[in-house]
Amino acid sequence: MSTAHFRFHGRLNDFLNPERRGRQVAVRFRGAQSIKHLAESLGVPHPEIGQVRVNGRDEALEKITQDGDSIELHPAANGYSSEPRFLLDCHLGRLTAHLRMLGFDCLYENDFDDPDMAEIVHREERILLTRDRRLLMRRIVRDGYCLRSLEPLEQLEEVILRFELTGRIRPFHRCLRCNHPLEPVEKERVLDRLEPLTRKYFDEFHLCPACGQVYWKGSHYERMLGLVERLKTMRADTQRVGATQPCS
Ligand SMILES: [Zn+2]
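Residues numbered from 1 in each chain as written. Predicted model: local features only at pLDDT ≥ 70, side-chain atom pairs only at ≥ 80, totals over all residues.

**Things to note about the overall build of the protein**
- A count of helices and strands for the protein gives 8 helices and 12 strands.
- Burial statistics for the protein: of 248 residues in total, 28% are counted as buried.
- Within the protein, counting contacts between residues at least 6 apart in sequence, those at least 24 apart form 61% of the total. (Helix = DSSP H or I, 4+ residues; strand = E, 2+ residues; numbered from the N terminus. Buried ≥ 20, exposed ≤ 12 C-beta atoms within 10 Å, placed from the backbone. Contact = placed C-beta atoms within 7 Å.)

This is the structure:
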């Protein structure tokens, strides 16, 4: 039997049993076990892990653990190098709508099962958003984030801070119903589909060419602007550490 000593930093502690948070954890193991495997056996999904230090040196998460190793694991850095595209699991319908409202590409279907979702995020290089740690631990999932909150607006804040999205927000860019990019449309073309008050007070409209939904900047738009302004003033380093609700 071998023993390695793990220490988890920052928000990785959210995944640990309370008695293990913020302290060194001795892990006993047999045979050739990767650091990734042992970290996941403690409940920490690999997409959440960034820098790996073993005995004071940078190493890969796939490195085989040696008896006596002292291992420090840090959370994945905030931000994302390219235009982020998401896939959300079937419990996250309201978060999907919020993210689409801000212009983000979000794949979401009620009937995806776990192998489907892992395969799609792998093939399409999407970021998996879920509260299901087992799903994030699937081998072919590279980028992902485990939502800590159960509340859709708090989840939106988490995603915006984790992937540093405030500079990429583009309202009225994507259909809330089907994720297709919207196009501006002349008022005359949609006139027969508008309620009398909408017809009277609004002149700027967007149309989803895929499903035909019409959008205009009504009261929901004003509320959204308020939300966007508040999120823009938030900094990533204000992100809460310590889950209020355990992830499953
Ligand atoms: Zn649509």
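**Description of unusual backbone geometry**
- You will see that glutamate 164, though not glycine, has its phi angle at about 50°, which is positive.
- Position of glutamate 164 among the secondary structure elements: in the loop between helix H5 (152-162) and strand S10 (183-185).
- Take glutamate 164: there are 15 C-beta atoms within 10 Å of it, and that puts it in the partly exposed class.
- Even without a glycine there, the phi angle at phenylalanine 172 is positive, about 60°.
- The topology assignment puts phenylalanine 172 in the loop between H5 and S10.

**Details of the sheet that holds strand S1 (residues 2-8)**
- Taken together, the 5 strands give an open sheet; going across it, the order is S2-S1-S5-S3-S4, and neighbouring strands pair in mixed fashion. A strand with exactly one partner marks an edge of an open sheet, and here the two such strands are strand S2 (25-29) and strand S4 (57-58).
- Across 5 bridges, the pairing between S1 and S2 is antiparallel. Looking across to S2, one finds that histidine 5 is bridged to alanine 26. (Pairing = 2+ DSSP bridges.)

**Some remarks on the domain arrangement of the protein**
- Taken domain by domain, the protein comprises domain 1 (2-75), domain 2 (78-171) and domain 3 (181-221).
- Listed as interface residues are 7 residues of domain 1 and, on the opposing side, 9 residues of domain 2.
- Each residue belonging to the side of domain 1 that touches domain 2 can be placed in one class, and the counts come to 2 nonpolar, 2 polar and 3 charged. (Domains from an automatic or database assignment. Nonpolar A, V, L, I, M, F, W, Y, C, P; charged D, E, K, R; others polar.)

**Topic: the packing of helix H2 (residues 93-101) against H5**
- Their axes nearest at 9 Å, the elements H2 and H5 cross at an angle of 55°. In this view, H2 runs oblique relative to H5, as classed from their interaxial angle. Here the hand of the crossing between H2 and H5 comes out right-handed. Side by side, H2 and H5 meet where Arg94, Leu95, His98 and Leu99 of the first sit next to Pro152, Gln155, Leu156 and Val159 of the second. (Axes fitted to C-alpha atoms, helices over the stretch in contact; angles between N-to-C directions. Parallel < 35°, antiparallel > 145°, perpendicular 65-115°, else oblique. Left-handed = near helix turned anticlockwise from the far one by under 90°.)

**Thoughts on the sheet that holds strand S12 (residues 214-216)**
- Spatial strand order, S10-S11-S12: 3 strands in an open sheet with antiparallel pairing. Across the chains shown, the open sheet's two edge strands, defined by having one partner strand only, are S10 and S12. Along the sheet, successive strands turn relative to each other by an average axial angle of 40°, direction set aside.
- As paired strands, S10 and strand S11 (residues 205-207) are joined by 3 bridges and run antiparallel to one another. From the neighbouring strand, valine 185 faces S11, where its bridge partner is phenylalanine 205.

**Overview of the nonpolar core**
- Of all hydrophobic cores here, the largest spans 28 residues; its most connected members are Phe86, Leu88, Leu99, Leu128, Leu129 and Val159.
- Every element with two or more residues in this core is listed here: strand S6 (85-88), H2, helix H3 (114-124), strand S8 (127-130), helix H4 (133-136), strand S9 (144-146) and H5.
- Discounting residues that sit within four places of it in the chain, leucine 99 has contacts with Phe86, Phe104, Cys106, Leu156 and Val159.
- Phe8, Ala39, Val44 and Ile71 belong to the second-largest nonpolar core, a separate cluster that totals 11 residues. (Core = buried A, V, L, I, M, F, W, Y, C linked by C-beta atoms within 7 Å.)

**Description of H5**
- Buried within H5 we find Gln155, Leu156, Glu157, Glu158, Val159, Ile160 and Arg162.
- The secondary structure elements touched by the buried residues of H5 are H2, S8, S9 and helix H8 (219-233).
- Following H5 by one or two positions, glutamate 164 has its phi on the positive side, about 50°.

**Details of H2**
- Those residues of H2 lying buried are Leu95, Thr96, His98, Leu99, Arg100 and Met101.
- The positive-phi residue at the C-terminal boundary of H2 is glycine 103, with phi of around 100°.

**Structural notes on the pairing of strand S3 (residues 49-54)**
- Where S3 meets strand S5 (residues 70-75), 4 bridges bridge the pair, whose relative direction is antiparallel. What sits directly across from arginine 53, in S5, is glutamate 72.
- Bridge count between S3 and S4: 2 bridges; the pairing is antiparallel. By the bridge assignment for S4, valine 54 is matched with arginine 57.

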